[in-house]
Amino acid sequence: MTINYNVLKSIIGSVFFKIASSLVSFISIPLLLAHLGKVDYGIWVTLTALVAWLNLFDFGSGYSLKNKVTESLVEEQKDNLNILIAGTIQFYLISTFVILVAFFISTFFISAFQDNFKLSLL
């Protein structure tokens, strides 16, 4: 059995970053609670969760673009690069527009957005 050191290095790095992020959370949560208070901390957590959800709307398009650009460069088919990049930018613009429209519509129906309208816009 041979050991692939790149895979092992990747696994160790991934475990290290998971442990480090957990330690940062254990330290930062009590500090944020002490300085922000319960209500503002709840808003902070909600906003960070919203940003995490928005990252899901990426659908891997960045990775897909990276893979396709690499493939095009390896196969020396540089004609497709403009189309690939333009399509990805177009996807981002359309998805941003859809998310913004959904947000503005939701401000009329969700009381938390209505009560904190300026904060919601921020």
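Use the structure listed above.
Residues numbered from 1 in each chain as written. Predicted model: local features only at pLDDT ≥ 70, side-chain atom pairs only at ≥ 80, totals over all residues. Heavy atoms only, no water.

Participant: Got a minute to help me understand the side chain of Ser 72 in this structure?
Facilitator: Of note, Ser 72 is situated in helix 2 (residues 61–74). Setting aside chain neighbours within four positions, we find Ser 72 in contact with Gln 77, Lys 78, Asn 80, Leu 81 and Leu 84. (Helix = DSSP H or I, 4+ residues; strand = E, 2+ residues; numbered from the N terminus. Contact = heavy atoms within 4.5 Å.)

Participant: Which parts of the structure should I look at to understand the packing of aromatic side chains?
Facilitator: For any pair of aromatic rings, the description consists of the separation of the ring centres together with the inter-plane angle of the planes. Taken as a whole and judged by the stated rule, the model has three aromatic pairs. Between the aromatic rings of Phe 91 and Tyr 92, the centroid separation amounts to 5.8 Å while the plane-to-plane angle is 55 degrees, which identifies the pairing as tilted. Among the residues examined, Phe 91 registers a relative accessible area of 29% and is labelled partly exposed. For Tyr 92, a relative accessible area of 33% puts it in the partly exposed group. (Phe/Tyr/Trp six-rings, centres within 6.5 Å; stacked < 30°, edge-to-face > 60°. Buried < 20%, exposed > 50% of the residue type's maximum accessible area, 1.4 Å probe, protein only.)

Participant: Can you walk me through helix 3 (residues 81–106) in this structure?
Facilitator: Given 3.6 residues per turn, any residue in an α-helix points the same way as the ones three and four places further on. When the terminal C-alpha atoms of helix 3 are compared, their 37 Å separation across 26 residues agrees well with the 38 Å that a helix rising 1.5 Å per residue should span. Those residues of helix 3 not exposed but buried are Leu 81, Thr 88, Ser 95, Phe 103 and Ser 106. (Expected span 1.5 Å × (residues − 1).)

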